[in-house]
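# Survey of secondary and tertiary structure
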Amino acid sequence: MKRIFTLSVLAVAVLATGCTRIETGEVGLRVGFDKQVKTEELLPGSFNQTLIGDVITFPTKEISVKVENMTPLAKDNSTMKDFDALITYNINQAQVAEIYNTKNKSFHAKHDGDVYLMYNYVFNATRNAIYKSARKFEALEMGDARQAMETEIKEQVIRTLAEEKLDGTIVISQVLIRNIEPADSVVASANELVRAKNEFKTEEVKVATARKRNESMQANPMAIPLLKAEAEADAMRALPTAIAAFKGQTLVINGVVTPTVATNK
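Residues numbered from 1 in each chain as written. Predicted model: local features only at pLDDT ≥ 70, side-chain atom pairs only at ≥ 80, totals over all residues. Heavy atoms only, no water.

Attention now moves to helix 4 (residues 146–163). Its 18 residues give helix 4 an end-to-end C-alpha distance of 26 Å, which sits within 8% of 26 Å, the value for a rise of 1.5 Å per residue. Those residues of helix 4 lying buried are M149, E150, E152, I153, Q156, V157 and L161. On the buried face of helix 4, the contacting elements are strand 7 (82–91), helix 3 (119–134) and strand 10 (170–181). Trailing helix 4 by a residue or two, K165 shows a phi angle of about 60°, which is positive. (Helix = DSSP H or I, 4+ residues; strand = E, 2+ residues; numbered from the N terminus. Expected span 1.5 Å × (residues − 1). Buried < 20%, exposed > 50% of the residue type's maximum accessible area, 1.4 Å probe, protein only. Contact = heavy atoms within 4.5 Å.)

As structure tokens, this is what we get:
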């Protein structure tokens, strides 16, 4: 009796280790002992033995693809310093077997034992869409046009999928631009332009102020004598300080020669 119990426990252990469960958001395909991949999808929640053959798992929900360190050409023919984006897509689980068995294996990617269907294909489609979209915007406009570019990139990828009759198989859920950096030379030129514009505006203000003052003086005949008297008063108030700071032997004040006397301190 004890031996039978031991064998039963051993059998359960073997079955447990030789069995895999398809998790939520995944689909599985069985690979027979003859290495042939079956065409029937194994659905989430199912337990499948792997003592004979194997089971391949395919994530199908919210698969994220990073497209980073890109340097697309902008409308102004400048090369962007950096452009990073993230695209998220889903796979129609009813077509997992068809995609895996009919599409080029280079379109897929493997990670931690899972196969990500059409991952490389979506990566390249997104990359091409980014290059096309970037040519429609000036380098310094892309930051403000981020949302419009995300929409355009997504639409371009969807068109690419439709051309390959994959629009019902791969569903694009989101495109997110994570970083946009124009070339350093473009940023420097923009800053120099802003500085020049600010200086020009400052000069415009000075000219306008002088013009208004001149117009005011012409309109008021007493303005010139008053301004002259004000200037002379300012000069007289500054005279003691100027004399104290003078280092020479003779001063000329209002046409009068005034000798200075050095004193010993």
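Next comes the rest of the account.
Strand pairing in a sheet takes place through backbone hydrogen bonds and is either antiparallel or parallel in direction. Taken in spatial order, the three strands of this open sheet run 6-7-10, and their pairing is antiparallel. Both edges of this open sheet fall to strand 6 (63–70) and strand 10, since each of them pairs with a single strand only. Here the average twist between neighbouring strands, direction ignored, is 15°. In this structure, strand 6 lies alongside strand 7, joined through six bridges in antiparallel fashion. The partner of V67 across the bridge, within strand 7, is A85. (Pairing = 2+ DSSP bridges. Axes fitted to C-alpha atoms, helices over the stretch in contact; angles between N-to-C directions.)

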